Amino acid sequence: MKTEKKMKPILQEDNIILQAAYADRWSAIQACGEILVKQGYVKAAYIEDMMERERLVSVYVGNHVAIPHGIANSEQHILESGLSVLQIPEGVDFDGEKAYIMIGIAGRDGVHMQLLSQIALVCMEQEQVERLRTSKDKNEIMGILKAKI
């Protein structure tokens, strides 16, 4: 009898780090990827794909948010779709812009663009970004993001 593997939630408490601080955008992107690796969403090689994405086109999307993700052909390193969230009260610099929230994305089977667009919708609203930036409750952050994904 074949048993189906249960899919893990795209976002769970262990995927969120509150009150983080990073020296620069590279260490913050690395941290986004490490969460995804640790939680079993991606292989370690995906972190380099996230770095390459930033080298090609900035993952800073405006409104104090960055959304690190992979490049073309990254799906080979993705085991399951998942998100990581970093709350960085002091922010990290993206060429003169500060990101206070970083949301790492790994999407399988065509989910990648859907996740990217849904998260972008949440982060277009300054009020939502401010709540993500200042919340001390991982469940509140999950609620804000899960309302759209």
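Look a little higher up for the structure.
Residues numbered from 1 in each chain as written. Predicted model: local features only at pLDDT ≥ 70, side-chain atom pairs only at ≥ 80, totals over all residues. Heavy atoms only, no water.

**Re the overall build of the protein**
And then number 1: Check the secondary structure of the protein and you find 5 helices and 5 strands.
And then number 2: When the helices and strands of the protein are read in sequence order from the N terminus, they spell out β-α-α-β-β-β-β-α-α-α.
And then number 3: Its C-alpha atoms give the protein a radius of gyration of 14 Å, near enough to 15 Å, the size a compact globule of 149 residues would have.
And then number 4: Once the C-alpha set of the protein is aligned to its principal axes, its extents read approximately 55 × 30 × 25 Å.
And then number 5: Counting the 149 residues in the protein, one finds 46% classified as buried.
And then number 6: Across the protein, the fraction of contacts at a sequence separation of at least 24, relative to all contacts at a separation of at least 6, is 67%.
And then number 7: As presented, the protein carries roughly 7,600 Å² of accessible surface, and 52% of it is formed by carbon and sulfur atoms. (Helix = DSSP H or I, 4+ residues; strand = E, 2+ residues; numbered from the N terminus. Rg over C-alpha atoms; globule rule 2.2 N^0.38 Å. Buried < 20%, exposed > 50% of the residue type's maximum accessible area, 1.4 Å probe, protein only. Contact = heavy atoms within 4.5 Å. Areas by Shrake-Rupley, 256 points an atom, 1.4 Å probe, with all protein chains shown as cover.)

**Here's the deal with the environment of methionine 7**
And then number 1: If you trace the backbone, methionine 7 turns up in the segment before β1 (16–17).
And then number 2: Judged by its relative accessible area of 56%, methionine 7 falls in the exposed class.
And then number 3: For methionine 7 and isoleucine 105, which are 98 residues apart along the polypeptide, the C-alpha to C-alpha distance reads 16 Å.

**Description of the environment of tyrosine 41**
And then number 1: Here tyrosine 41 is to be found in the loop between α1 (25–38) and α2 (45–56).
And then number 2: On the basis of relative accessible area, tyrosine 41 is assigned to the buried category, the value being 0%.
And then number 3: When the C-alpha atoms of tyrosine 41 and tyrosine 60 are compared, they prove to be 22 Å apart, with 19 residues separating the residues in sequence.
And then number 4: Each residue touching tyrosine 41, except ones within four places of it in the same chain, is listed here: Lys8, Pro9, Ile10, Leu11, Gln12, Asn15, Leu36, Ile78, Leu79, Glu80, Ser81 and Gly82.
And then number 5: There is a polar contact of 2.6 Å between the side chain of tyrosine 41 and the backbone oxygen of proline 9.
And then number 6: Here glutamine 12 takes part through its side chain, which lies 3.1 Å from a polar atom of the side chain of tyrosine 41. (Polar contact = N/O pair within 3.5 Å; in protein donor to acceptor, adjacent residues only side chain to side chain.)

**Description of the packing of α1 against α2**
Any two packed helices are characterised by the angle at which their axes cross and by the distance between the axes.
And then number 1: The geometry of α1 relative to α2 is characterised by a closest axis approach of 9 Å and an angle of 145 degrees between their N-to-C directions. The chirality of how α1 crosses α2 is right-handed. Note on element contacts: α2 touches α1 through Tyr46, Ile47, Met50, Met51, Glu54 and Arg55, opposite Arg25, Trp26, Ile29, Gln30, Cys32, Gly33, Glu34, Leu36 and Val37.
And then number 2: Of the residues that constitute the contact of α1 with α2, the class distribution is 9 nonpolar, 2 polar and 4 charged. (Axes fitted to C-alpha atoms, helices over the stretch in contact; angles between N-to-C directions. Left-handed = near helix turned anticlockwise from the far one by under 90°. Nonpolar A, V, L, I, M, F, W, Y, C, P; charged D, E, K, R; others polar.)

**Concerning the nonpolar core**
And then number 1: Core analysis: the biggest nonpolar cluster contains 23 residues, and Leu86, Phe94 and Met102 have the highest contact counts within it.
And then number 2: Only α1, α2, β4 (82–94) and β5 (97–106) provide two or more residues apiece to this core.
And then number 3: Of all the elements, α1 adds the most residues to this core, at 6 residues.
And then number 4: Setting aside chain neighbours within four positions, we find methionine 102 in contact with Ala28, Ile29, Cys32, Ala66, Pro68, Ser84, Val85, Leu86, Ile88, Val92 and Phe94.
And then number 5: Listed in part, the 20 residues of the second largest apolar core include Ile103, Leu115, Ile119 and Leu145. (Core = buried A, V, L, I, M, F, W, Y, C linked by side-chain atoms within 4.5 Å.)

**Some words on the pattern of salt bridges**
And then number 1: Applying the stated rule across the entire model yields 7 salt bridges.
And then number 2: Note that glutamate 140 is salt-bridged to arginine 131, the shortest N-O span being 3.3 Å.
And then number 3: By relative accessible area, which is 33% here, arginine 131 ends up partly exposed.
And then number 4: Among the charged side chains, a network of salt bridges with common partners joins Arg25, Glu54 and Asp95. (Salt bridge = Lys/Arg side-chain N within 4 Å of Asp/Glu carboxyl O.)

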